[in-house]
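Structure assessment
Residue-level listing of the chains:
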Amino acid sequence: MIAFALFLVLLAIALGALVLVGYLLAPKSPHVAKERRFEAGNPPFGEVKRRLLMQYVGYIYMVTAIEASAGLMVVVALWRGVVSLDVALALATALALIAIYVVRYLEKVADVKKWS
Amino acid sequence: MMPFELSSDLVAALVFPGVLGILGFLVVAIWAERKLVARIQWRYGPLYVSKAIGGFLQPIADLVKLVFSELVLPRHTNRALFLSTPLALFIAEALPVAFIAAAPGLIIFYNPHGLAIAVVLWLLVAVFLVGMAWSEADKFTYIGAMREILLSAAYEIPLLLSLVAMLLLYGTADPYRVVELQNVWGVLLNPLAFLAFYISLVMSTTRFPFEIPEAEPEVVLGPYTEYGSTLFILSFGGTYVKLYAGALLGSVLFLGGWQPAVDTLSGALVTIAKMAALAFPLLILRAIYPRYRIDQALRFGWSKLLALSIAAVIFSIALRFAGVI
């Protein structure tokens, strides 16, 4: 625990000191153009907004649904350290469900032409 | 039964795999990347600084240059967040290292479920990266953050499933036990899981075919766009720290950790050699592959890579029932 705290504190001090030293040593000549939002050389225009294609929401939906079950599988794998038949069956069923779900919907989600 | 002394975990925190190891890896990895890629492209790579040792001091010279360049804080950002998020990101990327043993006794924070904790912390890094990109409030960082979120949607499930496959084989996530159990290396026991893990590692460290969030020709530097000077080192250098943590985890899970060494010092050297064997191929990918589009990476992650990782879990279950391990 002491070592862990030391690791975090030392890392933070080393990184913080780097920034501080840079701040103290580097030349400072502030200019309004430097402090603007970066817009590839142009003056900033408009709002920071982009379109998000609905196609990608499908992936986010899949990952929220499946990641929790994958986390549950980690717990199951660590449960007693032995793989009994019921654990194996439960895992296989979960994986089969994931596979069916993904095969069923991936083609629709991944079809760029349909979404753009 | 843990071979603990008070001093050995402090050594782990200070030297290897802790602070010095991380900072040293940054220098070596950046130099090695430039040199190896140059070799493939028939160039010499950095030679101007310290020609006698192959330009090895070039990353240090770059560091000095960046320290002496002006620290610009854009006016439109929240300054406290703008300053602190790269620091938080760097530390978050280094955190998984604390739960993985690099040699007998050489672990920063022992926990019987250490490897599972390390993977979860590794998956949380994307949260800090997106937070940083958001605090920069820029069009390019916004696109970079979106791409980072989507890319992590592509690799998280295969990464977790490859972990499940190995945990089913070992029956534990104890950083010491996992290594002791590997009479046969994990990569030979379940090559499918290793392949899924390795490709997920390429994706999560955004190495080349998946270098999508910071694609230079498209979005400047993605989530790192607004940063310069020392803050650039913290934000962009963090990706190499992630590679360091991933290589350490991979060598413990799949390459038998510090085996065949038994004592701390030689064990650490063996682990370093194995980490290098895992990390260096990732450094030269930049010279070999073009870049995927984000939708291609997502489709790849959800079709071939997912199928591979599901097959890895099934293979592990079959191995357990066949009584191989």
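Residues numbered from 1 in each chain as written. Chains lettered and ligands numbered in written order. Predicted model: local features only at pLDDT ≥ 70, side-chain atom pairs only at ≥ 80, totals over all residues. Heavy atoms only, no water.

A tally of helices and strands in chain B yields 13 helices and 0 strands. Taking 325 residues into account, the globule formula puts the C-alpha radius of gyration at 20 Å, and chain B, at 20 Å, falls close to it. Dimensions of chain B, computed from C-alpha atoms along their principal axes, come out at roughly 60 × 45 × 45 Å. Looking at chain B as a whole, 61% of its 325 residues qualify as buried. Nonlocal contacts in chain B, meaning residues at least 24 apart in sequence, comprise 79% of its contacts between residues at least 6 apart. Summed over all atoms, the accessible surface of chain B reaches about 12,200 Å², with 71% contributed by carbon and sulfur. Positive and negative side-chain charges of chain B, numbering 20 and 19 respectively, have mean locations separated by a distance of 8 Å. (Helix = DSSP H or I, 4+ residues; strand = E, 2+ residues; numbered from the N terminus. Rg over C-alpha atoms; globule rule 2.2 N^0.38 Å. Buried < 20%, exposed > 50% of the residue type's maximum accessible area, 1.4 Å probe, protein only. Contact = heavy atoms within 4.5 Å. Areas by Shrake-Rupley, 256 points an atom, 1.4 Å probe, with all protein chains shown as cover. Lys, Arg positive; Asp, Glu negative; His and termini not counted. Charge placed at Lys NZ, Arg CZ, Asp CG, Glu CD.)

Looking only at helices and strands, chain A features 4 helices and 0 strands. Counted from the first residue to the last, chain A has its helices and strands arranged as α-α-α-α. In terms of overall dimensions, chain A is more spread out than a globule: its C-alpha atoms have a radius of gyration of 25 Å, far above the 13 Å expected for 116 residues. Projected onto the principal axes, the alpha-carbon positions of chain A cover approximately 70 × 55 × 15 Å. By the burial criterion, 28% of the 116 residues in chain A qualify as buried.

On to the packing of aromatic side chains, then. How two aromatic rings sit relative to each other is given by the distance of their centres and the angle of their planes. One pass over the structure, following the stated rule, counts 19 aromatic pairs over all chains. Seen from their ring centres, B:F25 and B:Y244 are 5.2 Å apart, and the 50° between their planes marks the pair as tilted. One end of the pair, B:F25, is in helix 2 (residues 19-40); the other, B:Y244, is in helix 11 (residues 229-254), with 219 residues separating them in the sequence. A relative accessible area of 2% places B:Y244 in the buried class. In this arrangement the basic side chain of A:R104 is found over the ring face of A:Y105, its NZ or CZ atom lying 4.9 Å from the centre. The ring of A:F45 has B:K139 lying over it, and the distance from NZ or CZ to the ring centre is 3.7 Å. (Phe/Tyr/Trp six-rings, centres within 6.5 Å; stacked < 30°, edge-to-face > 60°. Lys NZ or Arg CZ within 6 Å of the ring centre and 35° of its normal.)

Our focus in this paragraph is the nonpolar core. A:F7, A:Y59, B:L161, B:L249, B:L253, B:L298 and B:W302 are the most contacted members of the largest nonpolar core, which has 135 residues in total. If you tally residues by element for this core, the top one is helix 6 (residues 139-170) of chain B, at 17 residues. (Core = buried A, V, L, I, M, F, W, Y, C linked by side-chain atoms within 4.5 Å.)

To continue, consider the packing of helix 6 of chain B against helix 13 (residues 294-322) of chain B. At a minimum axis distance of 8 Å, the contact between helix 6 of chain B and helix 13 of chain B shows a crossing angle of 10°. The orientation of helix 6 of chain B with respect to helix 13 of chain B, classified from their angle, is roughly parallel. (Axes fitted to C-alpha atoms, helices over the stretch in contact; angles between N-to-C directions. Parallel < 35°, antiparallel > 145°, perpendicular 65-115°, else oblique.)

Turning our attention to the pattern of salt bridges. In total, this model carries 12 salt bridges over all chains according to the counting rule given. For A:K34, the salt bridge goes to B:E70, with nearest N and O atoms at 2.7 Å. Of the two residues, A:K34 is situated in the loop between helix 1 (2-25) and helix 2 (54-78) and B:E70 in the loop between helix 3 (58-67) and helix 4 (79-94); the pairing between them involves two chains. A salt bridge links B:R291 to B:E211; the shortest N-O distance between them is 2.9 Å. (Salt bridge = Lys/Arg side-chain N within 4 Å of Asp/Glu carboxyl O.)

Another point: the interface of chain A and chain B. Facing 62 residues of chain A, the contacting portion of chain B comprises 72 residues. Between chain A and chain B, the buried area comes to about 5,900 Å², and carbon and sulfur atoms account for 81% of it. The interface formed by chain A and chain B includes 3 salt bridges. Linking chain A with chain B are 6 residue pairs in polar contact (both at pLDDT 80 or more). Mapped onto the side of chain A that touches chain B, the elements with two or more residues apiece are helix 1, helix 2 and helix 3 (85-110) of chain A. The leading source of residues in the side of chain A that touches chain B is helix 1 of chain A, at 16 residues. (Buried area = accessible area lost by both parts, 1.4 Å probe. Polar contact = N/O pair within 3.5 Å; in protein donor to acceptor, adjacent residues only side chain to side chain.)

Moving on to the environment of B:I314. For B:I314, the location among the structural elements is in helix 13. Taking C-alpha positions, B:I314 is 7.8 Å from B:A165, a pair spaced 149 residues apart along the chain.

The next point concerns a nonpolar patch on the surface. On the surface, a cluster of nonpolar side chains totalling about 910 Å² of accessible area is made up of A:L20, A:V21, A:Y23, A:L24, A:L25, B:I53, B:L57, B:I60, B:V64 and B:F68. The set of elements that each furnish at least two residues to the nonpolar patch consists of helix 1 of chain A together with helix 3 of chain B. Secondary-structure assignment places A:Y23 in helix 1. By relative accessible area, which is 42% here, A:Y23 ends up partly exposed. (Patch = residues over 30% accessible without salt bridge, like charges linked within 9 Å, V, L, I, M, F, W, Y side chains within 5 Å.)

All names here are of chain B. Put simply, F16 and P17 share a cis peptide bond, and its omega is 5°. Looking at the secondary structure, you find P17 in the loop between helix 1 (6-14) and helix 2. At the junction of Q259 and P260, the peptide bond is cis and its omega measures out at 5° in the coordinates. Even without being glycine, S229 reaches a positive phi, approximately 55°. For S229, the position within the fold is in helix 11.

So, on to the confidence of the model for chain A. Per-residue confidence for chain A gives a mean pLDDT of 84; residues scoring 70 or more make up 99%. Looking across chain A, the model is least confident in helix 4 (residues 112-115) of chain A, with a mean pLDDT of 74, and most confident in helix 1 of chain A, with 90. (pLDDT = per-residue confidence, 0-100.)

Over its 25 residues, helix 2 of chain A runs 37 Å from end to end, which matches the ideal 36 Å to within 8%, given 1.5 Å per residue. Residues A:Q55, A:Y56, A:Y59, A:M62, A:V63, A:I66, A:A70, A:M73, A:V74, A:A77 and A:L78 constitute the buried set of helix 2 of chain A. (Expected span 1.5 Å × (residues − 1).)

Mapped onto the elements of the fold, B:T230 is located in helix 11. Apart from the residues lying within four places of it in its own chain, the contact partners of B:T230 are A:L18, A:V19, A:G22, B:L66, B:V67 and B:L71.

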